[in-house]
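As a plain string of letters, each chain reads:
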Amino acid sequence: MKLRTLGRTGQRVSEIGFGAWAIGGTWGEVSLEDARAALHAALDAGVTFIDTADVYGDGRSEKIIAEVLKQRGGERPFVATKLGRRLSPNVAEGYNAKNLNDFIDRSRDNLQTDTLDLVQLHCPPTEVYYSPEVFAVMDEMVAAGKIRHYGVSVEKVEEGLKALEFPNVASIQLIYNIFRQRPAERLLHEAKSRDVAIIARVPLASGLLTGKMHADSVFAADDHRTFNRHGEAFDKGETFSGVPYEVALEAVEEIRRFVPGDITMALFALRWILMNDDVSVVIPGAKNREQAEANARASGVDALSAETMAALKQLYQEKIAPHVHQRW
């Protein structure tokens, strides 16, 4: 497993991390046994970065992580969590000192630690990025020893660029994959120039870029790929990266011809992201041991050719960009 530096935190982490949304919820049923096995497998494979959130299973994901890490002992991996989505309604006014501290204290309890490694504002309303007082509260929590670093998880490129104006933002998490290439135009480079880490989420476009889905694929009722295709529950860009399902399936078939015969399309898609040195860590999810082990293997995949990268950019521009580029 290769390592990259997580921006100004100075922490060296595995370039493939573990996205812990799926072991929390809204990806269909994942048993506790499978959730624990997935995390153990990732850590056994050299993963040293875990990303979770307080709303993933209403704390289930955080608690599973704490349980597994306590059982394993030894050097603790870097654990990032998120806050803000517990607000109902999720409005900018809710991002006040009391609520933020309450959320932090709950995550500290769930993760069984006095100090959280990294806390990210979890896709807050755009107005929050224009509220210096919110970031001042985060600074106060660093000073109080509740958190070591803080960052943001954004929906839109513009939100990431705005977040860079706050000097103590240590990381930006965003959707970046073959179907969402806009961040590479400016944001990723701007972040790298300011020593701000980039955490790439939804790297497989909710599973589309595994190449295993088809027109009549069926997802569980409690899977966001069933109930959030049009943004009914949260931003639709989080589901299938916002690409219309049928359009994405056609694009996947075109991508398939570029995938070398000795690797899966999932590994190919993860390696595409790792081709950008501005990315600090990629956080694919896993619902079981096999998926976690497979994700970790992406770190050893050979670099993609310049011709392949150019072809995938052209495919994006012609087939995908009209649906997503200006939205996010």
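Residues numbered from 1 in each chain as written. Predicted model: local features only at pLDDT ≥ 70, side-chain atom pairs only at ≥ 80, totals over all residues. Heavy atoms only, no water.

**What to know about the overall build of the protein**
Check the secondary structure of the protein and you find 11 helices and 10 strands. In summary, the protein has a C-alpha radius of gyration of 18 Å against a globular reference of 20 Å for 328 residues, a match within 12%. In terms of overall dimensions, the protein has C-alpha extents of about 55 × 40 × 40 Å along its principal axes. Burial status across the protein gives 57% buried among its 328 residues. Partitioning the contacts of the protein with sequence separation of at least 6, the portion at a separation of at least 24 is 76%. Approximately 13700 Å² of the protein is accessible, and the part contributed by carbon and sulfur atoms is 48%. Taken together, the 39 basic and 46 acidic charged side chains of the protein have centroids lying 1 Å from each other. (Helix = DSSP H or I, 4+ residues; strand = E, 2+ residues; numbered from the N terminus. Rg over C-alpha atoms; globule rule 2.2 N^0.38 Å. Buried < 20%, exposed > 50% of the residue type's maximum accessible area, 1.4 Å probe, protein only. Contact = heavy atoms within 4.5 Å. Areas by Shrake-Rupley, 256 points an atom, 1.4 Å probe, with all protein chains shown as cover. Lys, Arg positive; Asp, Glu negative; His and termini not counted. Charge placed at Lys NZ, Arg CZ, Asp CG, Glu CD.)

**Here's the deal with a negative patch on the surface**
The grouping of Glu-33, Asp-34, Glu-290 and Glu-293 at the surface amounts to a negative patch. Mapped by element, the contributors of at least two residues to the negative patch are helix 1 (32-44) and helix 10 (289-296). When you line up the elements, Glu-293 lands in helix 10. (Patch = residues over 30% accessible without salt bridge, like charges linked within 9 Å, V, L, I, M, F, W, Y side chains within 5 Å. Salt bridge = Lys/Arg side-chain N within 4 Å of Asp/Glu carboxyl O.)

**Things to note about the pattern of salt bridges**
If you walk through the whole model with that rule in mind, you get 20 salt bridges. The salt bridge involving Glu-190 is made with Arg-186; its shortest N-O contact spans 3.8 Å. For Glu-190, a relative accessible area of 22% translates into the label partly exposed. Judged by its relative accessible area of 49%, Arg-186 is partly exposed. One network of salt bridges, in which partners are shared, links Asp-58, Arg-86 and Arg-106.

**Here's the deal with helix 9 (residues 265-274)**
Of all 10 residues in helix 9, 10 are buried; the element is thus mostly enclosed. The complete set of buried residues in helix 9 reads Met-265, Ala-266, Leu-267, Phe-268, Ala-269, Leu-270, Arg-271, Trp-272, Ile-273 and Leu-274. Contacts from the buried residues of helix 9 go to strand 1 (3-5), strand 9 (197-201), helix 8 (245-256), strand 10 (281-282), helix 10 and helix 11 (306-324).

**Things to note about the environment of Ser-14**
For Ser-14, the position within the fold is in strand 2 (residues 12-14). Linking Ser-14 and Pro-284, residues 270 residues apart in sequence, is a C-alpha distance of 12 Å. Among the polar contacts listed, one links the side chain of Ser-14 to the backbone oxygen of Ile-16, at a separation of 2.8 Å. Side-chain polar atoms of Ser-14 contact the backbone nitrogen of Thr-48, separated by 2.8 Å. (Polar contact = N/O pair within 3.5 Å; in protein donor to acceptor, adjacent residues only side chain to side chain.)

**Points about the packing of helix 1 against helix 2 (residues 60-72)**
Viewed as axis vectors pointing N to C, helix 1 and helix 2 meet at an angle of 55 degrees, and their least axial separation amounts to 10 Å. The angle between helix 1 and helix 2 falls in the class oblique. Both helix 1 and helix 2 take part in a crossing whose hand is right-handed. Contact residues: helix 1 offers Leu-32, Ala-35, Arg-36, Leu-39, His-40, Leu-43 and Asp-44, while helix 2 offers Arg-60, Ile-64, Ile-65, Glu-67, Val-68, Leu-69, Gln-71 and Arg-72. Partitioned by chemical class, the residues of the contact of helix 1 with helix 2 number 8 nonpolar, 2 polar and 5 charged. (Axes fitted to C-alpha atoms, helices over the stretch in contact; angles between N-to-C directions. Parallel < 35°, antiparallel > 145°, perpendicular 65-115°, else oblique. Left-handed = near helix turned anticlockwise from the far one by under 90°. Nonpolar A, V, L, I, M, F, W, Y, C, P; charged D, E, K, R; others polar.)

**Some points on the nonpolar core**
By size, the foremost hydrophobic cluster in this structure holds 95 residues, and its most contacted members are Phe-18 and Phe-179. The dominant element in this core, judged by the number of residues it contributes, is helix 9, at 9 residues. Setting aside residues no more than four positions away along its own chain, Phe-179 makes contact with Ala-205, Leu-208, Leu-209, Ser-241, Val-243, Ala-248, Ala-251, Val-252, Ile-255, Tyr-316, Ile-320 and Val-324. If you look at the next biggest cluster of nonpolar residues, it comprises 10 residues, including Leu-6, Phe-49, Leu-118 and Ala-197. (Core = buried A, V, L, I, M, F, W, Y, C linked by side-chain atoms within 4.5 Å.)

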